[in-house]
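In case you want the letters, here they are:
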Amino acid sequence: MTIYTVDIVHILHTCPANPEPHPYDTRRTVVDVIPGGPCRAPVTIRCGQVTTTVPCHQHEPAKRQCGACRVIVRERTITTHHPDGVAA
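Per chain, residue numbering runs from 1 following the sequence as it is written. Where local features are concerned, this predicted model is filtered to residues with pLDDT of at least 70; where side-chain atom pairs are given and counted, the filter is 80 or more; whole-chain, interface and lining totals use all residues. As a rule here, side-chain values come from all non-hydrogen atoms in the structure, and water together with hydrogens is ignored.

K.L.:
Just to check I follow, could you spell out the environment of Pro55 for this structure?
P.N.:
Comment: elements are numbered from the N terminus, with helices defined as DSSP H or I runs of at least four residues and strands as E runs of at least two. Structurally, the position occupied by Pro55 is in the loop between strand E4 (50-54) and strand E5 (71-81). Separated by 28 residues in sequence, Pro55 and Pro83 place their C-alpha atoms 45 Å apart.

As structure tokens, then:
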């Protein structure tokens, strides 16, 4: 399993149409990556006379991928800022 750790920052604003603060910009920063390693269940693909083998993450949906190819995203911090400098 490849594990990505990210920090998320939401920037809020208020506008005349919607006076309630709402996010207009979301930024994600990748902080750390722990690689899952090589694929443990490669898939063989045939097209006419040509045969090739690809990692399962390039061919299979997430449910059928091997443990090494699956991706997990962990949110380390979630911060909300308002342009006035007031953190929510």
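K.L.:
Is there a simple way to explain the environment of Val31 in this structure?
P.N.:
Examined against the element boundaries, Val31 turns out to sit in strand E2 (residues 18-34). According to the relative accessible area criterion, Val31 is partly exposed, its value standing at 36%. In sequence terms Val31 and Arg76 are 45 residues apart; their C-alpha atoms lie 8.5 Å from each other. Contacts: residue pairs with any heavy atoms within 4.5 Å of one another. When sequence neighbours within four positions are dropped, the list of residues in contact with Val31 reads Thr5, Val6, Asp7 and Arg76. The buried label goes to any residue with under 20% of its type's maximum accessible area, the exposed label to any with over 50%, and the partly exposed label to all in between, with areas taken from a 1.4 Å probe on protein chains only.

K.L.:
Is there a simple way to explain the pattern of salt bridges in this structure?
P.N.:
Two side chains with opposite charge may pair up if their charged atoms get near one another. Whenever Lys or Arg places a side-chain nitrogen within 4 Å of a carboxyl oxygen from Asp or Glu, that contact is recorded as a salt bridge. Enumeration according to the criterion identifies 3 salt bridges in this entry. For the salt bridge of Glu60 with Arg64, the shortest nitrogen-to-oxygen distance reads 2.7 Å.

K.L.:
How should the side chain of Gln65 be read in this particular structure?
P.N.:
With respect to the helices, strands and loops of the structure, Gln65 is situated in the loop between E4 and E5. Overall, Gln65 belongs to the buried group, its relative accessible area being 13%. Discounting chain neighbours no more than four positions away, the residues touching Gln65 are Cys56, His57, Glu60 and Arg70.

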